[in-house]
Each structure stands twice: as structure tokens, then as C-alpha cells.
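Reading the structure
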Amino acid sequence: MPCLPWRRFAAILAVATGLLLCGRAMAAEPLHAFNIPRQPLGAALVALATQAEVTISTGAAAQCAPQGQPVLGRLTLDAALTRMLAGTGCGYRMIDIRAVEIVRSPAPKPPQRDVVRAAPPPSLDTLIVVATRRPTRSDSLAYAVSALDGRSLSALGVHDAGDLALTTPSMTVTNLGAGRDKILIRGLSDGPLTGRTQSMVGLYLDDVRLTYNAPDPDLRLVDMAQVEVLRGPQGALYGAGSLGGILQLVTIQPQPGEFSGWISTTRALTRGGDGSGVLEGAVNLPFMGGRGAVRLVGYHDLQGGYINDAALGLTHVNRTVRDGGRLTATLQLSDRWTVSGGLVAQAINSDDTQYALAGQPPYTRRNQVREPHDNDFAEAHISLRGDLDGAEAHWTTALVRHRLASRYDASSMPPVPVPAGPAAFDDDDAIVSLITEATLTSKPTAPIQWLAGIFYSRSRQDVGLTLTSLASGPVEAFTETRQDHLDEGALFGEAVLPLTGDLSVTLGGRGFTSDTDVRSAISEPLARTASSFAGGMSHSGFAPKIVLAYSRSRSLLFYAQAAEGYRSAGVNTTGATGQVFSPEGGPEPNRFYQGDELWSFEAGVRASALDGRLVLRSAVFQAVWKNIQSDQLLASGLPFTANIGDGRNTGFEFEGGYSAGELLVRGNLLINGPELNRANPAFPARADLGLAGVPSAQAGASAHYAWRLPQGRSVEVDGRYAYVGASHLTFDAVTSPRMGGYSTGRIAAALADDRWRLTLAVDNPADARGDTFAYGNPFTLRTTRQVTPLRPRTISLSLRMAY
């Protein structure tokens, strides 16, 4: 098994450990600025959770006095809770450093810091959700949203978006490989290829949009407070590229006044493959007497390969290394204003792709050229948050850099003529975006809840495509150099208007505009030909939404909503020098493809019973999608984007959870009927195939149980199961192999106390070989049957220690 670079972390951890050991006695409880007037206890606890950036489980709050005490000034979390709950007949207990449970207790229990043990996650209705841009209790939201806190992510073995999809209703992630995948929600798929189309799902890290038209950067979910999935189009609040919904990653923020940290190491063995290993950790360091803090997170993730290449005589070719880290700092300027900033960096290096060929032995293919992939992501941001009279202000500016480099074997089917022998096609993308957004939101106690915001983004994308003949030394046979400039601006807002005591209506919308400028130059040195293109376009419009909510009590809520999402138009340029691009409406490929839009209509219910221990959510929905954009392949294997027609998807989704003592059980189900009900006559799509990669059914379940032992120790078991129904790979009548129809899961057992946790886990315990939603090589997709199997059964052992 390859050795992990312990030296990368040794210096940091040694210094951090020394600081922690020396500073523990000096560390005071972190102070927070609270401004919570006397109000109903439920609303007061939501405000406290938001201002202290913690999660509060309020299942027992219904048994407390109806009014909470006011909390004003700079206080510790302990002091604030004690003051608010005084005289209510309730107390609290700390589940971990960022999670509090309200209990019927005569006296509150002092906080316990740096706890490793994963106590049972809180009920589904107790998390504060921020993806709606107004921090709100999840049980009060008239939306289809799922949230998992950091303890649940750890217990279920969720380390990236692919793992998250196996535990979250209606979420799908393609399986091209680390740093190559697309995220899809609620059966809305434009196919597995990642070309010029915008993302289907908006991906956010705290306040920052991470992607526009690039694959998921596949950030490792380390030191996360929670992860939220908001389903359905979110054009009104988030703009273009959110047709399917929003994935919001919420990190653990620096804790002023608290020295703390943790480190974790994992070793894993994959059946028939190489070993894997992970080393990760976090350190929290306060400064300026508890007014500010810095949090440093680092990780090294090595995933051993399991695909063999018989033609090259290589085994386990798809080894992947992911290195990354985050640095976050926060400083309280006054009782009303806080400034924060941070850096994020991650590098993914895959030695090869992870597909096999049907007709070969399992997990085996035959290539003439290796197919490595790099995905380098970096982001820096600064944010200011404060309290204005009557409103809360939030401003963020971020710089995002994303570089992707992929190589494909084009030996057997090169896009232009080359000498016989090996040939490689390289795709190198570099994206730089400057993003600014500012919002004003109402106070939590305001009779009308509202928000208003302004957004601006300027992006540049440089694309380099190169076909190189390797038969007698590297000789370039085709190149394209393309540069895109994109400017986006928007004004957005929404308001929740109470109609009666139980009925409310939410009205929102986004007015937007975008301008795109494209320059492309193509050359074929062997044929001595060249071509070029220069042009641009503008797109503007308004994306509305309306939500009607009826709630007789906190335990029962009905809602109905209609919302629109959209993606902007674009330009096709890639092709051999003789490639013809038709005007709009002509034979594909067209030079310009249209923007697409999606309307979603949804009705749902949320209910809880047994004092919040049983939580149920369900919804029926219909999505109507016009002018679907989809990345496709020319006969040469080069990419282009087409409007393939109109589609719709009607479905039902369910999510539920039950907790009793140390037991927590969750389940989810999606049943839908995706279809392409009007195919573009100029495009050879098959309406009977439905939407690419969308199964008619998905289901999942998970369970957690703990046995408490003497001396604060516990034994815990966790399990999860996911079923992915059958579907087809693409819309294309030629490249539509059947895939899906498999089950997978994970089982784990842990021994833990307040300082350490030892976990033994088995992923894919049935060793399923299901063909996942992905392709391998675009140049041989029409001539070979490519399969992308699940990672074989993998056994891992992890040790996590806290300081």
C-alpha cells in the first residue's frame, strides 16, 4: 500500500498540538453577539442558533413556557442559553461543540467541548437551513429540502457528493471519476457529458458559488457543519444553472476563544484493487482575546485503483489522489458587525479513467493511451455581516479559479485524419470568476419576512483542445483555442406575506441579464487548414416564484409552489475546419443554441408526531422543460450543444425519519416518469428513452444505534442502503445503452469515547458491479460498450482523535 505523506501534516499538527495543550487552560468560552428580544421561545431559539452558528434540537420546546427571556450583549453560548431558558421549565444539553438539545431539565448541563462520539443525529425537523438565504428551521420551510449535519455525514460515511447522493432523496451524481462528475436533482438530466452547457445544480460553499459550466470540483466533505439539498428550480434566488436545485455546503466556522482540533487517519482495502488511505485534520485557534479565530483544515486522500488495462499491461490504473485544505478566519468588529474571510484549495490527480469494456474480464479494458485527469480548484473570499436598523446585511466577494485537464485515447477513432498508431486528445479548461453579492434580510421577529439582493459576476474561460499523433513522436493534428467572457448581473428578492394566522404566501423573483463574448481559432496543421469565429449574445429576463403555505401547528404544514429556472444561450465552435454550423432551426449542429427554461409545480406536506421523534415529508411535482440543452457528440467525437426538444417529469418523493433513544432510522423514495415529449426533428433523439440517466425509481434507507458503556464509552452501528433503478445513458438513438438497476450500501461499527473514535466499515458489502451513470471515452462511445462499475467491496479502518 502506498505510504501517505505524513510529513505534510506533521509540522502543522505539532505546532497546533503545542498551542492546544498550552492554551487549553487559558481558553475561555467563545463570546457571541446576541440581540434577541423577548418573543415566543421557538422563534427565540431559531434566532439564537443563527447568531451563535449552532444547531439546536427543539423537540422538547413545546413542553416549555411559551415565552423565552431576552438575550442581549456579548455572551457565551452557555450564558445565553441559561438566560433565555430561565423560568421556562426547560434546560439544555450539549450534544457536541455545535449542537444543542433542549430538554425538560431543572438545570442546564455545562458544555462539553471537542467531543468525538457521534451521538444520534437530531430529528429531521430541528436543523437551521441556510440554502433559502434566510436561516430558517427546516420544519417551517415550504420547500423540498434535505439537510444532514456533520455528525450524520460522518456516521453514514459521506465524504463527497457521490456518497451524498446515496443518502439524499432525488439526488444523482454521474460516475465519470473524481473531479469529472455532474450533479443532478429530481430526475432533471441533460445527459452525462460535460461540455459548454451550464450546470444543472448550483453548488455553493457557504456564501460562494463554486461552478458555472464546469464539473463538480468534488470537494472532500471535511469539517462540515451540515450539507443541504434544495430540490426544484431556484432561478428566483440563485439564477442561471440551478434548474434542478441547490447543493449548499456549510463549513464549521472558527470558534473565537476556543483552542481545539482533531486528526483522523483511515486505511482501506478494495477487493481486487490497490489499498487506499486518508489523513485529515482541523485546528481552531483564537486570537485578539476571543474576538476572532482561525480554523485550518487539511486532508490527503489516496484512492487505490481497481481498473485494469490489458492492452497496456497495467493493473489498477485509476489511482486518484486528492489533496486540499481550507483556511477560514473571523473577527468580531463590534457587537453588530463581523468580518470573515477564507481560502479553499484542492487538487485532484487521477492516473486514468475508471471505465471497463463489456466482453472483457470484469474491471478490464484495452487502450493504447492512458487517460489521466487533473482538477485544480481554488477560491478566496471576504464577507461582512452586520445588523442594520430593521434588517440584517450580508456582503460577500469571491475569486474562484478552476482548472481541468483531461486526456482521452483517440487512437482508433481520431476526430481528424492522423497517421495510424496511438493518438491522444487533450482538453484543458481554465475558468476564473469574480463574484460579488449583497443581501438585506428582515429580522427573525419581523411580521413580514423578506430579503432583497444584488448579484454581479465576471468570468473568463480559456479552452484548449489538442489532438496529438503519437505514432512517430508527438505531432499536433488538431487544435482549438477558445476564450469566453461572461458578465452576469441580477436583482432578486422575496417576501413572505401572512394572509391569516395559518396561511401565508411567498412571492419572489429575479431580474437578470448576461452578456457573452466568444473567440475561437481552429487549426489542422497536417491538413494545413484553419478557421475562426468571433461573436456574442445577450440574455435577459425575469424568473418568478410563488409559494402558498398552510400550517395549523408546527407539527403539520401543507404547501404548494410554482417556480422557474433557466439557463442562458450559447455558441458552438468545436469541429474540424470543414464542419458546418447551421443557423438556428437548421440541421444540427447549430452555431447558436437557445437558452432553456423549466417550470416546476409542486405540492407537499410535512408532518411530525411523537414529540418530534417521527418526521414525514412528501411531495408530488411536475417539471415542464422547454428547449432542453444537452451536450452531445459530433460523428467525429468532438462535443457540441443541442436543444434536443421539450421534456417533462412527473413524480412523487418521500422522506421520513424516526428516533427513539439511541435509535435513528431514515428512509427516502422517488418515483417519477421522465420523458422527452417533443424531440427536435433535426436531432436523432428517441422520445421513448425518457431523460438520460434518470431512473423511474430510487430508494434509500439508513439506521443508527448506540449502546452506552461505562466510563463515557459507546459502541455504535450504522448502515445505509441505496437502490438506483434502470435508465439509459443518453438521449441519442445510437448511444443509449441501458444502465443502473443496482443496489449498494455501507455497514459500520464504532467504539468511541469523548476523545477518540475507532470505526470499522464495509462499503458495497454485496460487491455489486452495477453499471453507473457515466461514459468512458467519447471517441469510442458509439463503437464499444463501455461500463462504469461501482468500486468493489472496500473494507476500511479509521481512527479519529480530538484535542
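Each chain carries its own residue numbering, running from 1 in the written order of its sequence. Two thresholds apply to this predicted model, a pLDDT of at least 70 for residue-level local features and 80 or more for giving and counting side-chain atom pairs, whereas whole-chain, interface and lining totals are computed over all residues. Side-chain metrics rest on all non-hydrogen atoms present in the structure, leaving aside hydrogens and water.

Some remarks on the overall build of the protein
The cut-off we apply is this: By the criteria applied, helices consist of DSSP H or I runs no shorter than four residues and strands consist of E runs no shorter than two, each listed in order from the N terminus. A simple rule labels every residue: compare its accessible area, found with a 1.4 Å probe on the protein chains alone, to the largest value its type can have, and call it buried under 20%, exposed over 50%, or partly exposed in between. All accessible areas in this document rest on Shrake-Rupley with a 1.4 Å probe, and a residue is counted as covered only by the protein chains that are shown.
The number of helices and strands found in the protein is six helices and 47 strands. Put simply, the protein has 803 residues, and 59% of those count as buried. Accessible area for the protein stands at about 29400 Å²; split by element, carbon and sulfur atoms hold 60% of it.

Considerations on the layout of surface pockets
Selection rule: Definitions used for this entry: grid spacing 1 Å over protein atoms alone; cavity, a set of points where a 1.4 Å probe fits but cannot get out; pocket, an open set with protein on both sides within 12 Å along at least 5 of 7 lines; lining residue, one with an atom within 4 Å of a point. Grid points are joined across faces, edges and corners, and a volume is the space filled by probe spheres set on the points. Residue polarity follows a fixed list, in which Ala, Val, Leu, Ile, Met, Phe, Trp, Tyr, Cys and Pro are nonpolar, Asp, Glu, Lys and Arg are charged, and the others, Gly among them, are polar.
A volume near 1300 Å³ is recorded for the second largest pocket. Thr136, Ser140, Gln449, Val496 and Ser504 are the residues nearest the centre of the second largest pocket, which is lined by 41 residues in total. Sorting the residues of the lining of the second largest pocket by element identifies helix H2 (41-52), strand S9 (136-137), strand S27 (423-442), strand S29 (475-498), strand S30 (503-524), strand S31 (529-553) and strand S32 (556-567) as the ones contributing at least two each. Residue composition of the lining of the second largest pocket, by class: 19 nonpolar, 14 polar and eight charged.

Notes on unusual backbone geometry
Peptide bonds are mostly trans, and most non-glycine residues show a negative phi. Cis geometry marks the peptide bond from Glu588 to Pro589; its omega dihedral reads 5°. Along the chain, Pro589 falls in the loop between strand S33 (570-571) and strand S34 (592-593). In this model, Met288 sits at a positive phi of 55°, which is unusual for a non-glycine residue. Position of Met288 relative to the elements: it lies in the loop between strand S18 (275-287) and strand S19 (292-303). Positive phi is not limited to glycine here, since Leu610 has a value of about 55°. Relative to the helices and strands, Leu610 resides in the loop between strand S35 (596-609) and strand S36 (614-626).

Quick look at the sheet that holds strand S15 (residues 224-231)
The test is simple: A pair of strands counts as paired when DSSP detects no fewer than two bridges linking them.
The sheet built from five strands is open, its strands ordered S10-S15-S16-S13-S14 with mixed pairing. Edge strands, defined here as strands with exactly one partner in the open sheet, are strand S10 (145-149) and strand S14 (208-209). Where strand S13 (residues 201-205) and strand S16 (residues 245-251) come together, five bridges link them in parallel fashion. The residue of S16 that forms the bridge with Gly202 is Ile246.

Thoughts on H2
Note the threshold: A helix is expected to span 1.5 Å multiplied by its residue count minus one.
Between the first and last C-alpha of H2 there are 16 Å, a value that for 12 residues agrees with the 16 Å anticipated at 1.5 Å per step. In terms of burial, H2 is a largely internal element, nine of the 12 residues being buried. Every buried residue belonging to H2 is among Leu41, Gly42, Ala44, Leu45, Val46, Ala47, Leu48, Ala49 and Ala52, and all of these are buried. Looking at the residues trailing H2, positive phi occurs at Glu53, about 55°.

What about the pattern of salt bridges?
Filter applied, for reference: Salt bridge criterion: a side-chain nitrogen from Lys or Arg within 4 Å of a carboxyl oxygen from Asp or Glu.
A full pass over the atoms with the stated rule returns 40 salt bridges. Of the charged contacts, one joins Asp190 and Lys182 as a salt bridge, the two residues approaching to 2.6 Å between their closest N and O atoms. For the residue pair Asp190 and Lys182, the accessibility class agrees, reading buried in each case. Here the residues in one salt-bridge network are Asp160, Asp218, Arg220, Glu280, Asp301 and Arg322, joined through shared partners.

Brief notes about the pairing of strand S37 (residues 629-633)
Burial analysis of S37 places five of its five residues in the buried class, the great majority of the element. Burial along S37 is two-sided: the face carrying Gln629, Asp631 and Leu633 and the face carrying Ser630 and Gln632 are both buried. With five bridges connecting them, S37 and strand S38 (residues 639-643) associate as antiparallel partners. Of the residues in S38, the one forming a bridge with Gln629 is Asn643.

A few points about the environment of Ala49
Of note, Ala49 is situated in helix H2. Classification of Ala49 as buried rests on a relative accessible area of 3%. Along the sequence, Ala49 and Leu77 sit 28 residues apart, while their C-alpha atoms lie 9.6 Å from each other.

Quick look at helix H3 (residues 77-85)
Note on helix geometry: an α-helix contains 3.6 residues per turn, so any two residues three or four positions apart are oriented the same way. The line we're drawing: The arc in question is the one spanned by the directions pointing from the helix axis to the C-beta atoms.
Restricting attention to buried positions, one finds in H3 the residues Leu77, Ala80, Leu81, Met84 and Leu85. The buried residues of H3 occupy one face: seen down the axis, they fall within an arc of 115°. Remark: Gly87 follows H3 within two positions and exhibits a positive phi of approximately 80°.

Structural notes on the nonpolar core
Keep this limit in mind: In these notes, a set of buried Ala, Val, Leu, Ile, Met, Phe, Trp, Tyr and Cys residues joined through side-chain atoms within 4.5 Å is what counts as a nonpolar core. Contacts are assigned to residue pairs that have any heavy atoms within 4.5 Å of one another.
Ranked by internal contacts, the top residues of the largest apolar core, which has 91 residues, are Leu164, Met171, Leu247, Phe425 and Leu467. Excluding residues that lie within four positions of it along the chain, Met171 makes contacts with Ala161, Leu164, Ala165, Ile183, Leu184, Ile185, Val229, Leu247 and Gln698. One finds Leu75, Leu81, Cys90 and Met94 within the second-largest nonpolar core, a separate group that totals 24 residues.

Details of empty space enclosed by the protein
Approximately 400 Å³ is the volume found for the largest cavity. Along the wall of the largest cavity there are 27 residues; nearest its centre are Thr194, Gly195, Tyr408, Asp427 and Tyr775. Among the elements of the structure, strand S26 (391-409), S27 and S37 are those that each provide at least two residues to the lining of the largest cavity. Grouping the constituent residues of the lining of the largest cavity by class yields 14 nonpolar, nine polar and four charged. In this structure, the second largest cavity is lined by 22 residues; those nearest its centre are Tyr212, Asn213, Gln461, Asp484 and Leu486. Take the lining of the second largest cavity: its biggest share by element is four residues, from S29.

Some points on a nonpolar patch on the surface
Rule in force here: Patch construction takes residues with relative accessible area above 30% that form no salt bridge. Like charges are linked within 9 Å, and nonpolar side chains (Val, Leu, Ile, Met, Phe, Trp, Tyr) are linked within 5 Å.
A surface patch of nonpolar side chains, amounting to about 890 Å² of accessible area, comprises Tyr705, Trp707, Leu709, Val717, Leu751, Leu758, Leu760, Ile795, Leu797, Leu799 and Met801. Counting residues per element, the ones that place at least two in the nonpolar patch are strand S42 (697-708), strand S45 (756-763) and strand S47 (794-802). Ranked by the residues each element gives to the nonpolar patch, the list is headed by S47, at four residues. Structurally, Trp707 is set in strand S42. Trp707 gets classed as partly exposed once you look at its relative accessible area, which sits at 43%.

Some words on the environment of Val158
Secondary-structure assignment places Val158 in the loop between helix H4 (150-155) and helix H5 (161-165). A relative accessible area of 2% means that Val158 is categorised as buried. When sequence neighbours within four positions are dropped, the list of residues in contact with Val158 reads Leu153, Asp163, Leu164, Thr167 and Leu221.

Focus: the packing of aromatic side chains
How two aromatic rings sit relative to each other is set out by the distance from centre to centre and by the angle between their planes. Selection criterion: Under the pairing criterion, centres of Phe, Tyr and Trp rings, with the six-membered ring standing for Trp, must be within 6.5 Å; the plane angle then separates stacked pairs below 30 degrees from edge-to-face pairs above 60, leaving the rest tilted. Two thresholds decide whether a charge sits over a ring: the Lys NZ or Arg CZ must be within 6 Å of the ring centre and within 35 degrees of the ring normal.
The full count for this structure, using the stated rule, is seven aromatic pairs. Relative to Tyr566, the ring of Phe512 has its centre 3.8 Å away and its plane inclined at 10°; by these criteria the two rings are stacked. With a gap of 54 residues between them, Phe512 in strand S30 and Tyr566 in strand S32 connect regions that are remote in the sequence. Comparing Phe512 with Tyr566 shows no difference in burial state: the two are buried. Consider the rings of Tyr705 and Trp707, whose centres lie 4.7 Å apart with planes at 75°: the pair is edge-to-face. Overall, Tyr705 belongs to the partly exposed group, its relative accessible area being 31%. Against the face of Tyr355 rests Arg365, its NZ or CZ located 4.4 Å from the ring centre. The lysine or arginine in question, Arg510, covers the ring of Phe455, its NZ or CZ lying 5.3 Å from the ring centre.

Topic: the packing of H2 against H3
In plain terms, the rule: In this description, a line fitted to the C-alpha atoms serves as the axis of each element, helices being fitted only across the stretch in contact, and the angle between N-to-C directions of two axes falls anywhere from 0 to 180 degrees. Note that the term roughly parallel is reserved for angles under 35 degrees, roughly antiparallel for angles over 145, roughly perpendicular for angles of 65 to 115, and oblique for everything else.
For the pair H2 and H3, interaxial distance at closest approach is 11 Å and the crossing angle is 170°. Here H3 runs roughly antiparallel to H2, going by the angle between their axes. Of the residues in H3, those in contact with Leu41, Ala44, Leu45, Leu48 and Ala52 of H2 are Leu77, Ala80, Leu81, Met84 and Leu85. Taken together, the residues that form the contact of H2 with H3 break down as 10 nonpolar, no polar and no charged.

Section: the confidence of the model for the protein
Let me state the cut-off plainly: pLDDT is a residue-level measure of predictor confidence that goes from 0 to 100.
Averaged over every residue, the pLDDT of the protein is 87; the share at 70 or more is 90%. By mean pLDDT, helix H1 (residues 6-23) is the weakest element of the protein at 43, and strand S20 (residues 308-309) is the strongest at 97. For residues 1-28, every residue scores under 50 in pLDDT, and the model assigns this stretch 44 contacts once sequence neighbours within four places are set aside. The model gives residues 106-125 a pLDDT under 50, and that stretch makes 88 contacts with residues more than four places away or in other chains.

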